[in-house]
Structure formats: C-alpha cells, structure tokens
Amino acid sequence: PQERRRRVAPLAAAPPARAGDEPLLRGIFEIGKRSCDVVLSARRLRWSPILPESPTGDSNVALQSQEEIIEMKDVFSVKLKRRRFAGQKKGGTLLGITIFKFLNKEENKLTDCAVHLNNLSEDHCQSWFRHLKEILNGFQNRPKSLKVFVNPSSHKREAAHVYYEKVAPLFNLADIKTDVTVTEYEGHALSVLKECDLQAFDGVVCVGGDGSVSEVVHGLLLRAQIDAGKGTDCVSKPVRAPLPLGVIPAGTTNILAHTLYGIKHAVTATLHIVLGHIQAVDVCTFSTQSKLLRFGFSAMFGFGARTLALAEKHRWMPSSQRKDFAFIKTLADLKPEECELSFLPLQIPQEESHEKDRYVKPNQLQRYKNDQWQKIQGHFLNVSIMAIPCLCSMAPRGLAPNTRLNNGSMALIVVQNTSRTEFIKHLKRYTSVHNQFSFPFVETYTVQEVKVQPKPKSGSDAKENMCLSAASEEGNYPWNIDGDLMKEASEVHVRVHPQLIDLYGVNTDDLESSQATCNCI
C-alpha cells in the first residue's frame, strides 16, 4: 500500500507583517485532540490542524479556513498544565500549557475560557511558557497588585460572596496580589485610603454599591490633594487620582458599573480590571463657599434627594422594599423646592454646536454660546447634575444620555413644577425608548459649573419634615450625591474637572447598549 505522509496545513494567507506579527516560536501541540501547527508572535497566537496528505498530493483548501487565532491582548493568564495526585501541591507530570483568555459572550458580558496546548516535552513547554509570560508582562496597564475594599453590607449582603467566589479566583489566576479590607462602618474605606501606602499598589478595587464606590472615589481624590500638599477645604484645581479604580457591582442600582461596562456582571468587571482596560473619567466637586463637600459624578436635588432621605430613615426595611416605599411615598407627597440655579454654559465651537446640542431645545441653543452665567429661579420638582450618562437597569438609556464619561461637561436637567400625572409620565420615559426630556416642563443644559441656592421656606410643614426629611429645623436640604445622602443649608457649587480619575472599564460610547441608546434618542 502507498505510504501515507503527514503534512502541515498551509497557514492562511496574511497581509504583510506589521510590527509584532513576526513569528517568535513555531511548534506542534495537540489542541482539541488534533495535532496542530502553532505559531506565536507578539500580537497573536494562531494554529492550523495537521492532517494526512491526500494520495494525489492535492492541497486541501478547506484546511486554510480552519486556522484559529487568539489575540494576545485578550489573554490574561498562562499556566503550565500538570497532572497531580490527590494532596500533591507541587510538581506532577507535565501535560502542556493552558492559556486563559476573555470571551465576549453576549452583548457586553465577558466570560473567561481556557485553551489547552498539550505537549509532554518539558523543554518545549518551558520555552513557550517563558515567551508567553514575557508578552503578557509587556502590557503596561495590567495591575500586579491591588488594594481591595469589600462592603459586606451592600444590597443583600452579597459583596463578600461575590468577591471570594467570582473575583478573587480570577485575580489569583492572573497572578495579581491583593490586600483586602472588609469595611466595618461608613467611612472605613476613606480612613484607610488616607493612611495606607498607595505606592505599593497598581490600582484600587471597590466591591459594593454606588455608595461604597462614591466613598472610595472621594478618598482617592482627597489623598491626591493631601499628597500634593494642597488643602482639602477649597479645591478649585484638584490633582488627579494617583491610581485607577476598579468597580465590582454588588449593590442595588450600580450606576457607575452599568455606565462603565454596560451591564451589572462581576466577572465582566473583573476581566476589564485584569486586562488593564483603563478609561479616564470626569469628576465633579461639590462644595460650599467655605468647604469641599464631596468628589463625585452625579447629584440630585429635590425629588431624587428626598426619596433617598426617606429611604435612609427606614434602614430597618429590606433594601428593595425600603426604596420602593420611599419612592411611592415621596411621589404621593410630591412638592417642589424653591431655589435659584446659576450655571456657566459649556463653550462649544459654532460648527459643532448643533451636533452637540441634539438633546437641547432649539430656543436654548443661544445660551450655550454665551460665556456669561445664566440664572433660573422658580419652583423645581427635581434638579439633576451629572458628569456621566448614569446608566442602570431602570434607565438603560441613562439618566443623562446627553453627556459622556470624559467630555469635560455636565448635564443640568431641570424639572419645573407640574402635576403629579405629568411628572410620572416623565419618570416612565426613563425606562422606555422615548426621550424623557421632550416635555415643556423639562429643560436640559450642557454646563461647566452650577450653583444651587435653596430659598428658605416661609413656614414649617410638619408632615413634610417628618416623612420626607426635607428642610430640617436647622434649614438643611438633602442632596443625593452618587447614592450618598448629604444635607446642606447653604449654596452648593458644582464644578466638573475633566479626566480627574482613571477607571478600569470601557467607554460606553463603544458598547452595544449605548449605541442602541443613541439610536433611540
């Protein structure tokens, strides 16, 4: 009989090699029970099956389409694969190499998967392992050491479970060292961040809800001002945060996680951190004339703040019931706040104005081109000031879809006094594909600075004070800043500071959900 020879399938034709495409190694591994010709370059790993040559010697063109490729930027770990006996922790029979990469499973959800390259040669595998590790170590933004904060009280007290069951295993797989602090009280993370040696870490991670993340963001930026020798009472030009922040969603709403990743999914968030996907994000300062109140991304005054204030008074209730109760009760006792709004419009070049202002009513365009402060005075049901889109499951298009993560502006959304029926219609629009701003009582502005000056009430409303925690006896008014309740009696000045912190994540402008959002507006 004619001797059958084995032939290496030709690699698919490729364009001229770019930098990083030159082959570093070439060898044979068994992948998926098939012998394959494997080629490694700095940019990718590719392989084709090795099959017997046909008796006629014809080239099997179909084989060329079977070439598979892994982009090295998608790989987050590589390990030597060994067979070990029960209880054996070291050594064992070498079986090959396992490569761990992320896989885009559906929409914005990421998952991890493993590719096994089997070869029993110790020298062969060690050589490949060293080259693979050198490539992974060359990705500069990937963290090697992280400071982790876990809030065990978040949502259904699931943060610790989320971290130790879903996040920590991936950090360990990626050889990332961690120093974990399980917070014991409100302000614990802030205290630790003021004192710990941040130079020992490549990044900070928060496992919790919006309130926990807000505290860590505030702590990181306060620490930056302290290290720079700046005062923390008045911060007109703050220093950037020293380290990037990763957000693992384990709360109820998880606005920042949704905005960064397009989804509430702990594994997706972890893989973005492991892979070093960094996004610069704008941050606001909230301050009075005498002191800095907070660093943050968004705030609500009026209905949104009253709802939070009432929910905080009923902490004894389960989280979901507490928020539903507060929402319904505040809506039932709907009352406007009298205040004066001053804002400095964002400067937009004339040729870009119509594209930038597509969410704004035509009669408001002229205000954007004026560099003077504008003032509005009246009775408002809600005032939102947001430097990020604020996506969440209840508002998939975002609470402020007319802003972005790092465009150096804030969305000022003003809801004037109207009937309860009309206000409910406005709120329902957030959950739909319709524009929530297309009401005559809703105005939107793109701004750089905002000042909110509440007007003292002429009389005391006992029922409002008791149920809604609105203006207290001392004259304080509630603010909802990134899900944290703050009370302030005097004028609050909000400034946006471009790209003040780096966050692990991707720009939602590129996410499928955000693309759908923009198409629906």
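Keep in mind that this is a model prediction, so the values were computed, not measured. (Residues numbered from 1 in each chain as written. Predicted model: local features only at pLDDT ≥ 70, side-chain atom pairs only at ≥ 80, totals over all residues. Heavy atoms only, no water.)

**Some words on the overall build of the chain**
Move 1: Tallying secondary structure elements over the chain gives 14 helices and 22 strands in all.
Move 2: In the chain, which comprises 521 residues, the proportion classed as buried is 53%.
Move 3: Once local pairs closer than 6 in sequence are excluded, the contacts in the chain between residues at least 24 apart make up 72%.
Move 4: As displayed, the chain offers around 24500 Å² of accessible surface, 49% of which is attributable to carbon and sulfur atoms. (Helix = DSSP H or I, 4+ residues; strand = E, 2+ residues; numbered from the N terminus. Buried < 20%, exposed > 50% of the residue type's maximum accessible area, 1.4 Å probe, protein only. Contact = heavy atoms within 4.5 Å. Areas by Shrake-Rupley, 256 points an atom, 1.4 Å probe, with all protein chains shown as cover.)

**As for the side chain of Gln-225**
Move 1: Along the chain, Gln-225 falls in helix α5 (residues 210-227).
Move 2: Here Val-239 takes part through its backbone nitrogen, which lies 2.8 Å from a polar atom of the side chain of Gln-225.
Move 3: Those residues in contact with Gln-225 that lie beyond four places of it in its chain are Lys-230, Gly-231, Thr-232, Val-235, Pro-238, Val-239 and Phe-295. (Polar contact = N/O pair within 3.5 Å; in protein donor to acceptor, adjacent residues only side chain to side chain.)

**Describing a nonpolar patch on the surface**
Move 1: On the surface, Tyr-164, Val-180 and Val-182 cluster together to form a nonpolar patch covering roughly 230 Å² of accessible area.
Move 2: By secondary structure assignment, the location of Tyr-164 is in helix α3 (residues 159-173).
Move 3: For Tyr-164, a relative accessible area of 44% translates into the label partly exposed. (Patch = residues over 30% accessible without salt bridge, like charges linked within 9 Å, V, L, I, M, F, W, Y side chains within 5 Å. Salt bridge = Lys/Arg side-chain N within 4 Å of Asp/Glu carboxyl O.)

**A word on the side chain of Lys-147**
Move 1: One can find Lys-147 in strand β9 (residues 145-150).
Move 2: Under the relative-accessibility criterion, Lys-147 is labelled buried at 3%.
Move 3: Within the local environment of Lys-147, its side chain forms a polar contact with the side chain of Asp-179, the two groups lying 2.5 Å apart.
Move 4: A distance of 2.6 Å separates polar atoms of two side chains, one belonging to Lys-147 and the other to Thr-181.

**Section: helix α2 (residues 122-137)**
Move 1: Taking 1.5 Å per residue, 16 residues should reach 22 Å; α2 reaches 22 Å between its end C-alpha atoms and fits that length.
Move 2: Every buried residue belonging to α2 is among Cys-125, Ser-127, Trp-128, Phe-129, Leu-132, Ile-135 and Leu-136, and all of these are buried.
Move 3: The inward-facing, buried residues of α2 abut β2 (23-31), β3 (34-41), β4 (44-52), β6 (75-83) and β7 (93-106).
Move 4: You can read the cap of α2 off the contacts: a side-chain oxygen lies 3.2 Å from the backbone nitrogen of His-124, and it is on Ser-121. (Expected span 1.5 Å × (residues − 1).)

**Focus: the packing of helix α9 (residues 319-332) against helix α12 (residues 420-429)**
Move 1: The N-to-C vectors of α9 and α12 enclose an angle of 145 degrees; their axes lie 11 Å apart at closest approach. Judged by residue contacts, Phe-327, Leu-331 and Ala-332 of α9 engage Arg-420, Phe-423, Ile-424 and Leu-427 from α12.
Move 2: Considered class by class, the residues forming the contact of α9 with α12 number six nonpolar, no polar and one charged. (Axes fitted to C-alpha atoms, helices over the stretch in contact; angles between N-to-C directions. Nonpolar A, V, L, I, M, F, W, Y, C, P; charged D, E, K, R; others polar.)

**Regarding the nonpolar core**
Move 1: Ranked by internal contacts, the top residues of the largest apolar core, which has 85 residues, are Phe-171, Leu-245 and Ile-501.
Move 2: For this core, the element with the most residues is α3, which contributes seven residues.
Move 3: Counting contributing residues, this core receives three or more from each of domain 1 (23-48 + 67-138) and domain 2 (145-281).
Move 4: Excluding residues that lie within four positions of it along the chain, Phe-171 makes contacts with Leu-146, Val-148, Tyr-163, Ile-176, Thr-178, Val-205, Thr-270, Ile-273 and Val-274.
Move 5: Among the nonpolar cores identified, the runner-up in size contains 26 residues, and Cys-284, Val-450, Val-492 and Val-494 belong to it. (Core = buried A, V, L, I, M, F, W, Y, C linked by side-chain atoms within 4.5 Å. Domains from an automatic or database assignment.)

**Quick look at the confidence of the model for the chain**
Reading fine detail from the predicted coordinates is not recommended where pLDDT is low.
Move 1: Of all residues in the chain, 83% have pLDDT values of 70 or greater, and the mean over the chain is 84.
Move 2: Across the chain, the element-wise mean pLDDT spans from 38 in helix α14 (residues 512-520) up to 97 in β9.
Move 3: This model gives residues 351-368 a pLDDT under 50, and the stretch forms 35 contacts once residues within four places in sequence are excluded.
Move 4: Within the model, pLDDT remains below 50 along residues 511-521, and this stretch shows 25 contacts once partners closer than five positions in the same chain are excluded. (pLDDT = per-residue confidence, 0-100.)

**Some details on the packing of aromatic side chains**
Each aromatic ring pair is summarised here by two numbers: the centre-to-centre distance and the angle between the ring planes.
Move 1: Taken as a whole, this structure holds 10 aromatic pairs when the rule is applied.
Move 2: Of the aromatic side chains, those joined through ring pairs into one cluster are Tyr-163, Tyr-164 and Phe-171.
Move 3: Lying across the ring of Phe-139, Arg-142 places its NZ or CZ 4.2 Å from the centre.
Move 4: A cation over a ring is seen here: Lys-147 above Phe-149, with NZ or CZ 5.4 Å from the ring centre. (Phe/Tyr/Trp six-rings, centres within 6.5 Å; stacked < 30°, edge-to-face > 60°. Lys NZ or Arg CZ within 6 Å of the ring centre and 35° of its normal.)

**A few points about the environment of Arg-142**
Move 1: Looking at where Arg-142 falls in the secondary structure, it is placed in the loop between α2 and β9.
Move 2: A relative accessible area of 8% means that Arg-142 is categorised as buried.
Move 3: In this structure the C-alpha to C-alpha distance between Arg-142 and Asp-202, which are 60 residues apart in sequence, comes to 8.3 Å.
Move 4: Arg-142 has contacts with Met-72, Lys-73, Asp-74, Val-75, Phe-76, Leu-136, Val-274, Leu-275 and Gly-276, leaving out every residue within four places of it along the chain.

**Brief notes about unusual backbone geometry**
Move 1: Positive phi, normally seen in glycine, also occurs at Asp-175, with a value near 60 degrees.
Move 2: Structurally, Asp-175 is set in the loop between α3 and β10 (177-182).
Move 3: Phi at Cys-390 takes a positive value of approximately 60 degrees, unusual for a residue other than glycine.
Move 4: Note that Cys-390 resides in the loop between β17 (374-386) and β18 (410-416).
Move 5: We classify Cys-390 as buried; its relative accessible area is 1%.

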